[in-house]
There are 2 protein chains.
Amino acid sequence: MFVQNIIANLPLFNGLTQSQLEALASIIVDKPYEKGEMIFFEGTAAKGFYVIAQGRVKIYKSAPDGREAILHVFGPGEPFGEVAVFQGGTYPAHAVTVEKSRLLFLPREGLVSRISSDPALSLNMLAALSSRLRQFANKIEALTLKETPQRLAAYLVTASELKDGADTFTLDIAKGLLAGMLGTARETLSRALTKMAEEGMVRVEGRQITILDRDALEALASGLESL
Amino acid sequence: MFVQNIIANLPLFNGLTQSQLEALASIIVDKPYEKGEMIFFEGTAAKGFYVIAQGRVKIYKSAPDGREAILHVFGPGEPFGEVAVFQGGTYPAHAVTVEKSRLLFLPREGLVSRISSDPALSLNMLAALSSRLRQFANKIEALTLKETPQRLAAYLVTASELKDGADTFTLDIAKGLLAGMLGTARETLSRALTKMAEEGMVRVEGRQITILDRDALEALASGLESL
DNA sequence: CGAGCCGTTGATATCACTCAAACTACGTGG
DNA sequence: CCACGTAGTTTGAGTGATATCAACGGCTCG
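Analysis parameters
- Residues numbered from 1 in each chain as written.
- Chains lettered and ligands numbered in written order.
- Predicted model: local features only at pLDDT ≥ 70, side-chain atom pairs only at ≥ 80, totals over all residues.
- Heavy atoms only, no water.
- Phe/Tyr/Trp six-rings, centres within 6.5 Å; stacked < 30°, edge-to-face > 60°.
- Helix = DSSP H or I, 4+ residues; strand = E, 2+ residues; numbered from the N terminus.
- Buried < 20%, exposed > 50% of the residue type's maximum accessible area, 1.4 Å probe, protein only.
- Salt bridge = Lys/Arg side-chain N within 4 Å of Asp/Glu carboxyl O.
- Least-squares fit on C-alpha atoms with pLDDT ≥ 70 in both.
- Contact = heavy atoms within 4.5 Å.
- UniProt positions renumbered as here; feature names shortened; annotations may be inferred.
- Polar contact = N/O pair within 3.5 Å; in protein donor to acceptor, adjacent residues only side chain to side chain.
- Domains from an automatic or database assignment.
- Nonpolar A, V, L, I, M, F, W, Y, C, P; charged D, E, K, R; others polar.

On to the packing of aromatic side chains. Residues and elements named next belong to chain B. Throughout the structure, instances matching the rule amount to twelve aromatic pairs over all chains. Each ring, one from Phe 40 and one from Tyr 91, has its centre 3.6 Å from the other, and the planes form 5°; the classification is stacked. Of this pair, Phe 40 sits in strand β2 (residues 38–40) while Tyr 91 sits in the loop between α3 (82–86) and β7 (94–97), and the two are 51 residues apart along the sequence. A relative accessible area of 6% places Phe 40 in the buried class. Consider the rings of Tyr 50 and Phe 80, whose centres lie 5.3 Å apart with planes at 10°: the pair is stacked. Remark: Phe 80 occurs in strand β6 (residues 79–80) and Tyr 50 occurs in strand β3 (residues 48–54); sequence separation between them is 30 residues.

A word on the pattern of salt bridges. Pairing between side chains becomes possible if they bear opposite charge and their charged atoms approach one another. As enumerated under the stated definition, the model contains 18 salt bridges over all chains in all. For A:Glu68, the salt bridge is made with A:Lys58, and the minimal N-O distance between the two is 2.9 Å. Residue A:Glu68 is found in strand β5 (residues 68–74), and its partner A:Lys58 is found in strand β4 (residues 57–62); the two are separated by ten residues along the sequence. On the basis of relative accessible area, A:Lys58 is assigned to the buried category, the value being 11%. The residue B:Asp30 makes a salt bridge to B:Arg102 at a minimum N-O spacing of 2.7 Å. Placement of the pair is B:Asp30 in strand β1 (residues 29–33) and B:Arg102 in strand β8 (residues 101–107), with a sequence separation of 72 residues. Classification of B:Arg102 as buried rests on a relative accessible area of 16%. Shared partners join several salt bridges into a network, and the residues in it are A:Glu42, A:Lys61 and B:Glu141.

You can overlay chain A on chain B at an RMSD of 0.0 Å; the transform is a turn of 180° with a shift of 0.0 Å along its axis. The superposition of one copy onto the other is thereby described by a two-fold rotation axis. When you check the interface residues of chain A against chain B, 98% turn up at the interface there too, and the contact is symmetric in its surfaces.

This part is about the UniProt feature "domain: Cyclic nucleotide-binding" (unreviewed entry) in chain A. Per the UniProt entry, the sites bearing "domain: Cyclic nucleotide-binding" (unreviewed entry) are residues 12–111 of chain A in this numbering. Each end of residues 12–111 of chain A is marked by a C-alpha atom, and these two atoms are 13 Å apart; helix forms 16% of the span and strand 41%.

Moving on, we come to the side chain of A:Thr97. Residues and elements named next belong to chain A. As for its position among the elements, Thr 97 is in strand β7 (residues 94–97). At 3.0 Å, the side chain of Thr 97 forms a polar contact with the backbone nitrogen of Glu 37. What Thr 97 contacts, discounting residues up to four positions off in sequence, is Tyr 33, Glu 34, Lys 35, Gly 36, Glu 37, Ile 39, Arg 56 and Val 57.

Glancing now at the domain arrangement of chain A. Accessible area lost when the parts come together is the quantity often used to give the size of an interface. All names here are of chain A. Each assigned domain of chain A is listed with its residue range as follows: domain 1 (2–143) and domain 2 (146–222). Domain 1 and domain 2 are separated by 27 Å when their C-alpha centres are compared. With ten residues of domain 1 in contact, the opposing surface of domain 2 contributes nine residues. At the junction of domain 1 with domain 2, the criterion picks out zero salt bridges. A per-element tally of the side of domain 1 that touches domain 2 places helix α5 (residues 119–145) first, with four residues. Residues belonging to the side of domain 1 that touches domain 2 are distributed by class as follows: five nonpolar, no polar and five charged.

Printed below as a string of structure tokens:
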């Protein structure tokens, strides 16, 4: 898969002409990463941002004692680290691969000028950041107002929606990671899942989830949007 | 104070020419609000966004039972509701004044075209959204990793920094609001403050705070950036 | 001067974090 | 093909921070 083919299909680069895409592709650095490899650390100077071609990346903050707050887990096609390009100049959090991955690096040089000269690109970026802000707002809402079972229910409902509303689907991240995304401990997540299974709302077989009572799930989540 | 003078000094409109500012000022709607007046509700269609000329605005989500998650409390000069202009078309949360205020409304019409035609404006907006994302990331970190006393310590340290590092300063929001911003209950905040005072870290006299042991405060906050 | 808003304090219940340990699934290398 | 190590997951028990309920005191504003 060539770089240009990848970026041609990304929402971020929607509306760009063929020649603009070519120019962009020519400055992109294509790099493979092993699972668990650090991409950048919070506070370090940013020379550009990344787009995921393949794999999965965890964006997180960490406490002195080693505990983590997971902000995102991004998958193929998603950009990350853009914030550092537009403000502050340093990455706001740590980034590490959670799978073997292939990342595209877009150097800051040239990007800023490209953005300011191309209306479509700047509006795409604004939309991307705005959408990110909505996600964060939802996450803050969930952390403040909801307890683990409700957050889990909201997650499962939207996970199902992302898989075209299928009742049975497979989690694409490990449960430990999911616990982190929900702002809770692995053990608490495990217990919450078990309880939901006992109550007949879902069936859990490893990473495969079957929603048995969608109404009950949605009632539990009550008002929580996608995380 | 005229609209044009206000917007001329905002970071958001930095780098605009005099004539651009005039054009902008001509489409702005200037409106007074009473304390406690709703500005918009989550999910309603957005016809534009706001800038605060005077007063203070609370941005929040609410649960069915009436509990609230406060995302921001904005003051003079700060914009809010921009997210809806760039993505989704609806406001992501509720907005209400917490003081008697004067707000400038910038209609969506014309704004989008202005942004795409003016590099400075689009880069300013990108920077503003990026900075907002950093704040949210810090908030999520605090909610996930830190307990109330630590969040409070971090808040006090940065509040002091915003007042040029003065040891004695005045909270510019009520303690109940502050509790909401820290994601905790009024009572818990009250107890945390009392305890910090007992331990000699701060002195509390109503809304006036004096930092007695900045090192201890910073050690408590340990790693938490501004909220 | 009364009403509401705000803040404090006390008592209680509970959720979830922590520590500890066993159990499973999986891939690798012998 | 099996043994082993590792990563991931689950279960149990104990503890602690905080939400919640309740009542009270002070302040402000009309």
